Amino acid sequence: RFEYRWWGNDLFWYSFDGVVLPLDGPASPLAFAPLDGGPPLTVDQLVVKHKRKELLSTPLLRSLVGRKWRDFGAGVFWRRTAQYLFLVGAAFANSLDLRAGGADPAVVASSPVFVVSTLALLGSWPFFFSVESAGVRRNGLAAHFGSAWNVLDAGHLLAILALPPLHFLPQQPADAGALEASAYAVAQSLPGLLQLSFAVRGLEYASLFRSLGPLLVTVRGMLVDITRFGGLYAFVLIGFANAFFVLFALSGESLDYGGYPRILQEQLLWLLSSVDRSLLDGLTGQLHATGDVLFWGYIVLSYFVLLNLLIAVFNSTFEKVQRQAFNEWLFLRMATMLDFEARVAQPPRGGQQNEPARWLDAYYGELEDTSNSRSVELGVGGAPSSSSRGRSI
């Protein structure tokens, strides 16, 4: 609870008893048995599992997230970010030196860029594979790959192994069949698609920054809105496309106008304000008048009604996220730190704690030190260090 202002800082009285304390063991917070059964869950796990983001507006949970990030989460985050950027840089360098096929294998193998980038890829690959396999063992195969991020990570691991062999891809034969030509097209497009996929995956790292997290949540909500809008728009698109197709069939027009695909293409262009009515030139008489009615009906329904409906839904999503922007950002941090903590909780090799485990111990030690006392809250964020801990009074 808030006590008073002290030397320009807000002074709070904190008690973590019954929330995180008493600890069940080293770095083992208090856990609660869920009503629906299952293993005991900590307060962080309960908030994330049930997506109770509104609880993060309470000073107690905000303090827990802030302290945990300063003492533990920030260090693990920056270490993980550096490792990810190293992997992306190695893949980018390896892709830049990629031949289109048919290069002399001896020349490829002696290229300094190829050698260094390949060694970097193969050196960093085991770490990311161990992280992925640990997640599968911890959560189970179905639950682990229920997350789109984990599916993307698994795809990256497979694609990275395919990058070095692409340097030795033979020249595509002139008489290659359709299947073989498609395989060559996919193989030669893989490096570029991989870089795009890396950028998408990097959004999860960017979401932990306060200025970007709520915006990325908004974008994700808008993508869901687009999916729902697409289902509604598909009925309108197919319905009018069928009507236009029947008109062309009744007029005896040949398929030289492009057929059904041309109709769909023109309708999508009309939605994007690229109106070209040359498609209707093949209709004559009453059929042309009917085509005009269908054209304007489609424009009114899809452009003025449905498109404006989508914009209104976007505005609603943006306003909803902005009202809870700070809680959305804290929720992303809390969920990410739970993932970090689960990986640190694995038994240390040789019985010695690694640095993230010591950071985690420091966080729970701080909670024990400041519980049932007044403390100056230093805010959310910052790097882990002993100097960032709240001062007890």
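A quick note: this is a predicted structure, and the numbers were derived from the prediction, not measured. (Residues numbered from 1 in each chain as written. Predicted model: local features only at pLDDT ≥ 70, side-chain atom pairs only at ≥ 80, totals over all residues. Heavy atoms only, no water.)

Section: the environment of Thr218
Moving on, step 1. For Thr218, the position within the fold is in helix H8 (residues 213-250).
Moving on, step 2. A relative accessible area of 4% means that Thr218 is categorised as buried.
Moving on, step 3. In this structure, the C-alpha to C-alpha distance between Thr218 and Phe314, residues 96 residues apart in sequence, is 8.8 Å.
Moving on, step 4. Sequence-distant contacts of Thr218, that is, excluding residues within four places in its chain, are made with Thr317, Phe318, Val321 and Gln322. (Helix = DSSP H or I, 4+ residues; strand = E, 2+ residues; numbered from the N terminus. Buried < 20%, exposed > 50% of the residue type's maximum accessible area, 1.4 Å probe, protein only. Contact = heavy atoms within 4.5 Å.)

Some points on unusual backbone geometry
Moving on, step 1. At the junction of Leu21 and Pro22, the peptide bond is cis and its omega measures out at 0° in the coordinates.
Moving on, step 2. Of note, Lys51 is a non-glycine position whose phi angle comes to about 55°, a positive value.
Moving on, step 3. Of note, Lys51 is situated in the loop between helix H1 (43-50) and helix H2 (59-96).
Moving on, step 4. Lys51 gets classed as exposed once you look at its relative accessible area, which sits at 59%.

Here's the deal with a nonpolar patch on the surface
Moving on, step 1. On the surface, Trp78, Phe209, Leu212, Leu215 and Phe318 cluster together into a nonpolar patch covering about 460 Å² of accessible area.
Moving on, step 2. As for its position among the elements, Trp78 is in helix H2.
Moving on, step 3. For Trp78, a relative accessible area of 48% gives the class partly exposed. (Patch = residues over 30% accessible without salt bridge, like charges linked within 9 Å, V, L, I, M, F, W, Y side chains within 5 Å. Areas by Shrake-Rupley, 256 points an atom, 1.4 Å probe, with all protein chains shown as cover. Salt bridge = Lys/Arg side-chain N within 4 Å of Asp/Glu carboxyl O.)

Thoughts on the environment of Phe245
Moving on, step 1. By secondary structure assignment, the location of Phe245 is in helix H8.
Moving on, step 2. Of the residues examined, Phe245 reaches a relative accessible area of 32% and is grouped as partly exposed.
Moving on, step 3. It is 7.5 Å that separates the C-alpha atoms of Phe245 and Ile263, two residues lying 18 residues apart in sequence.

Comments concerning helix H11 (residues 325-344)
Since the α-helix packs 3.6 residues into each turn, any two residues three or four apart lie on the same face.
Moving on, step 1. For H11, spanning 20 residues, the distance from its first C-alpha to its last is 29 Å, which sits close to the expected 28 Å at 1.5 Å a residue.
Moving on, step 2. The buried fraction of H11 is high, at 16 of 20 residues. (Expected span 1.5 Å × (residues − 1).)

Remarks on the nonpolar core
If you look at soluble globular proteins, the nonpolar side chains tend to sit buried side by side.
Moving on, step 1. Within the largest apolar cluster, 53 residues are counted, with the highest numbers of intra-cluster contacts made by Val20, Leu56, Leu64, Phe72, Leu121, Phe198 and Leu367.
Moving on, step 2. Counting only elements with at least two residues in this core, the list comes to strand S2 (9-14), H1, H2, helix H4 (112-139), helix H6 (148-166), helix H7 (178-206), H11 and helix H12 (355-370).
Moving on, step 3. Apart from residues lying up to four places away in sequence, Val20 is in contact with Pro29, Leu30, Val43, Leu64, Tyr364 and Leu367.
Moving on, step 4. Of all hydrophobic cores here, the second largest spans 22 residues; its members include Phe244, Trp270, Leu283 and Phe314. (Core = buried A, V, L, I, M, F, W, Y, C linked by side-chain atoms within 4.5 Å.)

Side note on the packing of aromatic side chains
Moving on, step 1. By the definition in use, this model includes 19 aromatic pairs.
Moving on, step 2. Residues Phe245 and Tyr260 carry aromatic rings whose centres are separated by 5.6 Å and whose planes lie at 70° to one another, so their mutual orientation is edge-to-face. With Phe245 in helix H8 and Tyr260 in helix H9 (residues 259-271), the pair connects residues that are 15 residues apart, well separated along the chain.
Moving on, step 3. In textbook terms, an aromatic cluster arises when at least three aromatic residues are bridged by ring pairs, as seen for Trp69, Phe77, Trp78, Tyr84, Phe198, Tyr205 and Phe209.
Moving on, step 4. Sitting over the ring of Phe331, Lys53 keeps its end group 5.0 Å from the ring centre. (Phe/Tyr/Trp six-rings, centres within 6.5 Å; stacked < 30°, edge-to-face > 60°. Lys NZ or Arg CZ within 6 Å of the ring centre and 35° of its normal.)

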